[in-house]
4 protein chains.
Amino acid sequence: MPHTENPIFSLEMEVRDYELDTEQIVNNANYLHYMEHTRHKFCEAAGVRFIDLHNDGIDAVVRKIDIEYFSPLRSGDIFISSLNLERKGARFIFHQVIRRNDGELITKGDITCVMLKDGKMSRGDEVAALFSSFL
Amino acid sequence: MPHTENPIFSLEMEVRDYELDTEQIVNNANYLHYMEHTRHKFCEAAGVRFIDLHNDGIDAVVRKIDIEYFSPLRSGDIFISSLNLERKGARFIFHQVIRRNDGELITKGDITCVMLKDGKMSRGDEVAALFSSFL
Amino acid sequence: MPHTENPIFSLEMEVRDYELDTEQIVNNANYLHYMEHTRHKFCEAAGVRFIDLHNDGIDAVVRKIDIEYFSPLRSGDIFISSLNLERKGARFIFHQVIRRNDGELITKGDITCVMLKDGKMSRGDEVAALFSSFL
Amino acid sequence: MPHTENPIFSLEMEVRDYELDTEQIVNNANYLHYMEHTRHKFCEAAGVRFIDLHNDGIDAVVRKIDIEYFSPLRSGDIFISSLNLERKGARFIFHQVIRRNDGELITKGDITCVMLKDGKMSRGDEVAALFSSFL
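The sections below set out a description of the structure shown in this document. (Residues numbered from 1 in each chain as written. Chains lettered and ligands numbered in written order. Predicted model: local features only at pLDDT ≥ 70, side-chain atom pairs only at ≥ 80, totals over all residues. Heavy atoms only, no water.)

Comments concerning the relation of the copies chain A and chain B
Our working rule: In this comparison the copies share one frame, found by least squares on the C-alpha atoms of residues holding pLDDT of at least 70 in both. Here, residues are in contact when the closest pair of their heavy atoms is within 4.5 Å.
Superposition of chain A onto chain B requires a rotation of 180° combined with a translation of 0.0 Å along the rotation axis, giving an RMSD of 0.0 Å. These values place the two chain copies in the arrangement generated by a two-fold rotation axis. Closest approach to the rotation axis among the C-alpha atoms of chain A is made by Asp66 of chain A, whose C-alpha sits 2.2 Å away. A shared binding surface is used by both copies, with 100% of the interface residues of chain A retained as interface residues in chain B.

A look at the relation of the copies chain C and chain A
You can overlay chain C on chain A at an RMSD of 0.0 Å; the transform is a turn of 180° with a shift of 0.0 Å along its axis. When the interface residues of chain C are mapped onto chain A, 100% of them are again interface residues, pointing to one common binding face.

A few points about the packing of aromatic side chains
The line we're drawing: Note on ring pairs: Phe, Tyr and Trp rings are taken, using the six-membered ring of Trp, and paired if centres are within 6.5 Å. Classes follow the plane angle, with under 30 degrees stacked, over 60 edge-to-face and the rest tilted. Elements are defined by DSSP. Helices are runs of H or I of four residues or more, strands are runs of E of two residues or more, and each kind is numbered from the N terminus. The cut-offs for exposure are 20% and 50% of the maximum accessible area for each residue type, with area from a 1.4 Å probe on protein chains only; residues under the lower value are buried, those over the upper are exposed, and the others partly exposed.
The full count for this structure, using the stated rule, is 28 aromatic pairs over all chains. A ring pair is formed by Phe42 of chain B and Phe131 of chain B, whose centres lie 5.4 Å apart and whose planes are at 25°; its orientation type is stacked. Taken as a pair, Phe42 of chain B in helix H1 (residues 28-45) and Phe131 of chain B in the segment after helix H3 (125-130) lie far apart in primary sequence, 89 residues in all. There is no split in this pair, since Phe42 of chain B and Phe131 of chain B are both buried. For the pair Phe42 of chain D and Phe94 of chain D, a centre-to-centre distance of 6.4 Å together with 75° between the ring planes defines the contact as edge-to-face. In this pair, Phe42 of chain D is assigned in helix H1 (residues 28-45) and Phe94 of chain D in strand S4 (residues 91-100), connecting sequence segments 52 residues apart.

A short note on unusual backbone geometry
What is expected of a backbone is that most residues other than glycine have negative phi and most peptide bonds are trans. Even without glycine at this site, Asp118 of chain A takes up a positive phi of about 50°. Mapped onto the elements, Asp118 of chain A comes out in the loop between strand S5 (105-117) and strand S6 (120-122).

Details of the side chain of Asp21 of chain C
Filter applied, for reference: Charge assignment: positive for Lys and Arg, negative for Asp and Glu; neither His nor the chain ends contribute. In the sections that follow, a salt bridge refers to a side-chain nitrogen of Lys or Arg positioned within 4 Å of a carboxyl oxygen of Asp or Glu. Polar contacts here mean pairs of N or O atoms no more than 3.5 Å apart (in protein, one a potential hydrogen donor and the other a potential acceptor; neighbouring residues in sequence count only if both atoms are side-chain atoms).
Locating Asp21 of chain C in the fold gives a position in the loop between strand S1 (9-14) and helix H1 (28-45). For Asp21 of chain C, which is buried and forms no salt bridge, the nearest opposite charge comes from Arg74 of chain C, at a distance of 8.3 Å. Within polar-contact distance, the side chain of Asp21 of chain C engages the backbone nitrogen of Glu23 of chain C at 3.0 Å. What Asp21 of chain C contacts, discounting residues up to four positions off in sequence, is Leu20, Asp21 and Thr22 of chain B together with Asn27 of chain C.

A short note on the packing of helix H1 (residues 28-45) of chain A against H1 of chain B
What describes two packed helices is the angle between their axes and the distance between those same axes. Here is the rule: Axes here mean lines fitted to C-alpha atoms, for a helix over just the part in contact, with angles spanning 0 to 180 degrees between N-to-C directions. Each angle is binned into one of four classes, with values under 35 degrees roughly parallel, values over 145 roughly antiparallel, values of 65 to 115 roughly perpendicular, and all other values oblique. Lys, Arg, Asp and Glu make up the charged group, whereas Ala, Val, Leu, Ile, Met, Phe, Trp, Tyr, Cys and Pro make up the nonpolar group; the residues left over, Gly among them, are polar.
Where H1 of chain A contacts H1 of chain B, the axes come no closer than 9 Å and their chain directions differ by 175°. Taken together, the axes of H1 of chain A and H1 of chain B are roughly antiparallel relative to one another. Where H1 of chain A abuts H1 of chain B, its residues Asn28, Ala29, Leu32, His33, Glu36 and Arg39 of chain A lie against Asn28, Ala29, Leu32, His33, Glu36 and Arg39 of chain B. Residue composition of the contact of H1 of chain A with H1 of chain B, grouped by class: 4 nonpolar, 4 polar and 4 charged.

Concerning the interface of chain A and chain B
Quick reminder of the rule: Take the accessible area each of two parts loses on contact, using a 1.4 Å probe, and add the two losses: that sum is the buried area. DSSP-based pairing: two strands are paired if at least 2 bridges between them are found.
Opposite the 23 residues of chain A that make contact, chain B presents 23 residues. Of all residues in chain A, the largest losses of buried area upon contact with chain B belong to Glu23, Arg63 and Tyr69 of chain A, amounting jointly to 25% of the total for that side. Its salt-bridge partner being Arg63 of chain B, residue Glu68 of chain A comes within 3.6 Å of it at the nearest N-O pair. Counting across the interface, chain A meets chain B through 8 residue pairs in polar contact (both at pLDDT 80 or more). Elements represented by at least two residues in the side of chain A that touches chain B include exactly H1, helix H2 (50-55) and strand S2 (58-69) of chain A. A total of 11 residues in the side of chain A that touches chain B trace back to one element, the largest contributor, which is S2 of chain A. Of the residues that constitute the side of chain A that touches chain B, the class distribution is 10 nonpolar, 5 polar and 8 charged. Bridge analysis of S2 of chain A against strand S2 (residues 58-69) of chain B gives 5 bridges, and the strand direction is antiparallel. Paired with Ile67 of chain A across the two strands is Ile65 of chain B, which belongs to S2 of chain B.

Topic: the interface of chain C and chain A
Each partner contributes residues to the interface: chain C has 22 residues there, and chain A has 22 residues. At the boundary of chain C with chain A, total buried surface from both sides reaches about 1900 Å², with 44% on carbon and sulfur atoms. When the area that chain C buries against chain A is broken down by residue, the three leading residues are Arg16, Tyr18 and Ile51 of chain C, summing to 32%. At the boundary of chain C with chain A, the tally comes to 4 salt bridges. Where chain C meets chain A, there are 6 residue pairs in polar contact (both at pLDDT 80 or more). When contributions to the side of chain C that touches chain A are tallied by element, the ones reaching two or more residues are S1, H1 and helix H2 (50-55) of chain C. The residue makeup of the side of chain C that touches chain A, split by class, is 6 nonpolar, 8 polar and 8 charged.

Examining the environment of Asn55 of chain C
Turning to its location among the elements, Asn55 of chain C is positioned in helix H2. Separated by 44 residues in the primary sequence, Asn55 of chain C and Leu11 of chain C have C-alpha atoms spaced 26 Å apart. Here the side chain of Asn55 of chain C touches Gln24 of chain A through a polar contact of 3.4 Å, side chain to side chain.

If you want it as structure tokens, here you go:
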């Protein structure tokens, strides 16, 4: 399932020039921003926003990121950021892929999140229930 | 050698409030910024700056990042960002650790870089020569 | 003409959660990013990209920014970023407005740019020619 | 008093390469980050942190920024970010200057803040009391 051709959510985005570094390619940290925004938009599409969860005492915290960079994005590039979601016990793993709109593979990342409830580790059952149709 | 207690370079830094997100912890992407700045300061201490390499046609490109988040940094935190360097063929792997100044482990990352010469993959021998005393 | 109801260019954008600060509102510096991206998209629509100008030795440099914040953007907000352009001698002044998509005024800014040619101040006639239909 | 040679607070900082844009100069928005961090460090030195104020229901909100860019910062530059503070009724105006460590003037900004108490405009008397020795 990870990184398959059948993502459960996709978002089209575009490079903004302030995201470029002196090598005229998107700085490595900005791909994490793209991926985070994609997760938040997915959650919103699934009916929940991280900021609302936060206000309810539930915080999704990133525990681990493994990301591979295949080809860089440049000024003016349009790209598709997509994801799949897997649950392993208390861990929620987002398998995320970014492709330029001509199909070129840009980056693949596995982002592992855990859920804190009032600041303490939880199994994330409330969150899993919200995502049940995707897991 | 990776992530040992004997880093070849360390840098003290401090959280800036604009790096925090709504959960009042440093956003996950900013740790990549901290680690990148640490690599660049290490390179500078070793007598070379990425921006000069760039102007000579050599670009260090991040190929892979594996990062684990143990504990978050918060407003006002001071931290030590340190690194070791390993070469595996054409790959330069920075083993990086961030600890809060009270010793708390914050994050560990393995950042794999490759060197482009005039836009093409190279073995990075010029760069390895510059870092020979550390490899 | 400045800040009129008749902008020469408008762009719809959306808040991304990593742009929020601990007060759960968009950090003040990010509005400059929104405005810069709007200028670059305007230039692209007018047939020119800043990065191409740069590669031709012409750099647009921001000389002055006056920006007023009326109401903050929050998580999930969609907004319209629009601009007008005025030339005063060697200065290009972008009059920029951001409104939330319900019409609420968010911010107004006057961004004054000058043009460097091979690193030296120029009158910016090449750039003015490119924008002649808007001036 | 504004922008005099006698700032009430100064902070030495250094350019980080991820703050540069494709023109190899610091992106205009990052100077607002530098200035914000300087204000927060000043507040901390005066015994108060914005994040603690926030947790007490008081939010400092930026209402207006007028900033002039004289000379750009580049990779490796070290700079001094300093400020003075003026109160005009409910407005707190930070007069901020950034100079490279060789004295070159980089940027000057007037940042006008107002204080919200539980989300509503206030005169900011609590905050003024905290800063009384500087006003």
